[in-house]
Amino acid sequence: MRKRILSLALVLAVLCGLLALPVSARAADYTAQADTLNALGLFLGSDKGYELDRSMTRAEAAVMVTRLLGKEAKALADKPAHPFTDVPDWASGQVGYLYQNGLTKGVSDTSYDANRDITPDQYATFMLRVLGYDDSAGDFVWDKALAKMGALGVISQNDVTAFGKNQSLLRDTAVAISRAALLAPYKGSYFSLIHRLYIKDKAVPAAKLSAAAKKDTAFAQQAALVGLPGAVGERALDSEALFQTDSPAVVYMEVYGRDGTLESSGSGFFLTESGVLATNYHVIEYAYSVKVITDDEKVYEVDKLIAGSPDEDIALLTVKGQGPFPYLKLGDPAALRAAQRIYCIGSPLGFHNTPSEGLFSRWHNYEGQDLLQFSAPISPGSSGGALLNEYGQAVGLTTYTTEGQNLNFAIPVTSIGKIDYYDTPVDLRTLAERAYWDLVWDVAEWWCDYDEEQEENDAKANQTIEVDTIYEATLSDGDDVDLYAIPTQTALEFFLLWRAEDTAVREHIRVEVVDTETGAVLIRSRPVTQTPYLYLEGRIKAGSHCALRVSADGAAGYAWGKDTPYAFASMYTEIYPSPSEPYENISTEREPNDSFELAQYLPYGLTEEGSLSSGTDK
């Protein structure tokens, strides 16, 4: 019995000894993340592999940071100078770049201590600087950088605790922090660091981002935001399986106008689980608000426009709501074959998530834009819907149909990469106001004649404003005043639109209607937010002596020393009151087949005469 007890004690002692020994296995395996970064060309390893279980040196960190900045090629080509004598040749250009740009320092005037292990907070400091944060400006404190990454949501609080346990940063931890930084928003931007490296810095080629997308779902969604295919596991689906898989990611969109009334409808589909939605730009161009209805009848409000292009006819939107949202994976439209079966899911004529199928026909170039021609039926309301290949991958946004039988077209998803991405997302109302006033100006240019300012630095109104005319002029300096007489023989209902592309100049301009006898200001211009426009509208009595006065805003202390161009359009109607009927003038429709947006201005007190040319005329 005693022998047995001793043996048991020996076993317990051995077990306790084993528990006290260092454990070589890591709590998490970051090999897959290292593979993703390797596919991006950002983490290359050594001749011994990734070496994830050893510490990262300061020289290795400098190389990683320069790559994440998208500047390694420049650093290697320029070989910027630095004062350190202990930096190996393979890291000299990168350390020089960081040193010259104020992103790193040495431990002394001549030593970088290149072989010393970097700490987690030191590496986190680099990552925050890569993301646009500046510790010298008070954005964070360098020895609490890891905690700051947690506070910003770049890494989790659990990661902050786990990564901060060691004084030296292991290479696997560097991989995890780098991957998190790549997926985090750049400071002041909606979009991530990897998006910036691809779109702005051109430091990550499309092939590498696509390769990473096929290894990592998070990067697949980042690739989708720039129109790069990232789908894996291609397996042809029958129509029923495809619809069940993809329909939850396709939405019906209701578009509301200025007064809150339903104006039109369209379609769209989610690109990411966070709720980024793709649709046609023309669906939302004049929308003051948009409701998104999903396949399970949930309703969301569109929040912001984060990217878009009227020319490419693509818009990316965010929605108000908590994900994860179902989303579509992107396929490669270049891989489509003639007569290959394709599918559409959209909401034609408002019929929610209606599927159709047909064949891919060919690529078609229309006015310089490459489009996909296909035979699956679509109708108005399908705009922005999903064109899908036989694997259930989105290859296009269904856009328009012709008068022929099933001659339909889609914009390839790869065109998403050609649109403008906004660091600051745009409110839909702001977008609609800009589009509205741009269209007013377009109508004015189509309708009006052109004239030029006759005299600079006018002391009196030597030039009379003619109806339906655009005037082009300049303010020569901050003291210049331009006056234009307004006709006096009749009452006028007028509309004046003033435009200057330099919005800073616009903010320091006064445009006023003044009584030339008393000097009283009768009407002042009003700015249109975030546009180059000012406008004036109102009514002037018959016999009034009035002028339009354009001048610098001296009260704001603003002046300039060069000619500042501006233009304005005059569109007004003469009003003849009579005893029997206050306003008996007749105004005629200017353009048939008006859309809602083209109905810009209806003068007060007139009888409007028009015609409907067909059953579809508005």
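Residues numbered from 1 in each chain as written. Predicted model: local features only at pLDDT ≥ 70, side-chain atom pairs only at ≥ 80, totals over all residues. Heavy atoms only, no water.

Our next topic: a negative patch on the surface. Judged by side-chain charge, Asp442, Glu445, Asp449, Asp451, Glu452, Glu466 and Glu472 come together as a negatively charged surface patch. Elements supplying a minimum of two residues to the negative patch: helix 15 (428–447) and strand 14 (449–452). Examining the composition of the negative patch, we find that three residues originate from one element, strand 14, more than from any other. Mapped onto the elements, Glu445 comes out in helix 15. (Patch = residues over 30% accessible without salt bridge, like charges linked within 9 Å, V, L, I, M, F, W, Y side chains within 5 Å. Areas by Shrake-Rupley, 256 points an atom, 1.4 Å probe, with all protein chains shown as cover. Salt bridge = Lys/Arg side-chain N within 4 Å of Asp/Glu carboxyl O. Lys, Arg positive; Asp, Glu negative; His and termini not counted. Charge placed at Lys NZ, Arg CZ, Asp CG, Glu CD. Helix = DSSP H or I, 4+ residues; strand = E, 2+ residues; numbered from the N terminus.)

Here we take up the side chain of Asp172. Among the secondary structure elements, Asp172 is positioned in helix 9 (residues 171–183). A relative accessible area of 2% means that Asp172 is categorised as buried. Side chain to side chain, Asp172 and Thr173 meet in a polar contact 3.2 Å long. (Buried < 20%, exposed > 50% of the residue type's maximum accessible area, 1.4 Å probe, protein only. Polar contact = N/O pair within 3.5 Å; in protein donor to acceptor, adjacent residues only side chain to side chain.)

A separate point is the environment of Ser210. Tracing the backbone shows Ser210 in helix 11 (residues 206–213). Ser210 sits in the buried class, given a relative accessible area of 14%. Not counting the four nearest positions on each side in its chain, Ser210 is found in contact with Leu228 and Pro229. (Contact = heavy atoms within 4.5 Å.)

Next up on the list: helix 2 (residues 31–39). Where helix 2 is concerned, the buried positions are Gln33, Ala34, Thr36, Leu37 and Ala39. Check the buried side of helix 2 and you find it contacts helix 3 (58–68), helix 9, helix 11 and helix 12 (217–224). A positive backbone phi angle near 80° is found at Gly41, which sits one or two residues after helix 2.

It is worth spelling out unusual backbone geometry at this point. One non-glycine residue with positive phi stands out, namely Glu51, at about 50°. Looking at Glu51, the relative accessible area reads 18%, which means it is buried. At Asp113, a residue that is not glycine, the phi angle is positive and equals roughly 55°. For Asp113, the position within the fold is in the loop between helix 5 (89–100) and helix 6 (120–130). Classification of Asp113 as partly exposed rests on a relative accessible area of 22%.

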